[in-house]
Amino acid sequence: MVRTATSAKTTARFMRGAYVVDEVAARESPPVSCWTGRVQMVLAGGWVRIILPHAVEITTRTGDLRAATDEERAAYDAAAARYAETRPRR
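Predicted model, so just to flag it, every value in this text is computed and none were measured. (Residues numbered from 1 in each chain as written. Predicted model: local features only at pLDDT ≥ 70, side-chain atom pairs only at ≥ 80, totals over all residues. Heavy atoms only, no water.)

K.L.:
What am I meant to see in the side chain of T60 here?
P.N.:
Note that T60 resides in strand β4 (residues 57-61). For T60, the side chain forms a polar contact with the side chain of D22, separated by 3.1 Å. Those residues in contact with T60, other than ones at most four positions away along the chain, are D22, G46, W47, V48 and L65. (Helix = DSSP H or I, 4+ residues; strand = E, 2+ residues; numbered from the N terminus. Polar contact = N/O pair within 3.5 Å; in protein donor to acceptor, adjacent residues only side chain to side chain. Contact = heavy atoms within 4.5 Å.)

Printed below as a string of structure tokens:
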């Protein structure tokens, strides 16, 4: 990360595997709800790559993220499990 004073705090908050919510998605495309995902990689310049429950990766700004609530984590896990059961196998 390139941030100075908050670099360690930002990196710790968005460590790989952390559940996060990208709130900018709801503001830009109503009535779509916020995207809940898990951190895949912390990138330079205040960016992070997250994976959604249906295995799509998006890159977003750390400033648009917040930690997911317990309910949002449970919903993500349930959606990911449903996707894993229904996706085509090779």
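K.L.:
Help me out: how do you make sense of the sheet that holds strand β2 (residues 35-43) in this one?
P.N.:
Within a sheet, each strand pairs with its neighbour through backbone hydrogen bonds, oriented either parallel or antiparallel. Ordered by their spatial adjacency, five strands build an open sheet running β4-β3-β2-β1-β5, and the pairing between neighbours is antiparallel. Because the sheet does not close on itself, it has two edges, and the strands there are β4 and β5 (65-67). Geometrically, the sheet is characterised by an average inter-axis angle of 50 degrees between neighbouring strands, direction not taken into account. (Pairing = 2+ DSSP bridges. Axes fitted to C-alpha atoms, helices over the stretch in contact; angles between N-to-C directions.)

K.L.:
Before we go on, may I ask you to explain the pattern of salt bridges in this structure?
P.N.:
Once the charged atoms of two side chains with opposite charge are near each other, the side chains can pair. Tallying each qualifying case throughout the model produces three salt bridges. A salt bridge links R61 to D64; its shortest N-O distance comes to 2.9 Å. Classification of D64 as buried rests on a relative accessible area of 12%. Among the ionic pairs, R66 bridges to E72, the shortest N-O distance being 2.7 Å. Taking the relative accessible area as the measure of exposure, E72 reaches 19% and is therefore buried. A single network of salt bridges, built from pairs that share partners, joins E23, R66 and E72. (Salt bridge = Lys/Arg side-chain N within 4 Å of Asp/Glu carboxyl O. Buried < 20%, exposed > 50% of the residue type's maximum accessible area, 1.4 Å probe, protein only.)

K.L.:
Would you mind showing me how to read the packing of aromatic side chains here?
P.N.:
Two numbers describe a pair of aromatic rings. These are the distance of the centres and the angle of the planes. A full pass over the atoms with the stated rule returns one aromatic pair. Considering the side-chain rings of Y19 and Y76, the 5.6 Å spacing of their centres and the 90 degrees angle between planes classify their relative orientation as edge-to-face. In this pair, Y19 sits in strand β1 (residues 19-22) while Y76 sits in helix α3 (residues 70-86), placing the two residues 57 residues apart along the sequence. Across this residue pair, the class does not change: Y19 and Y76 are buried. (Phe/Tyr/Trp six-rings, centres within 6.5 Å; stacked < 30°, edge-to-face > 60°.)

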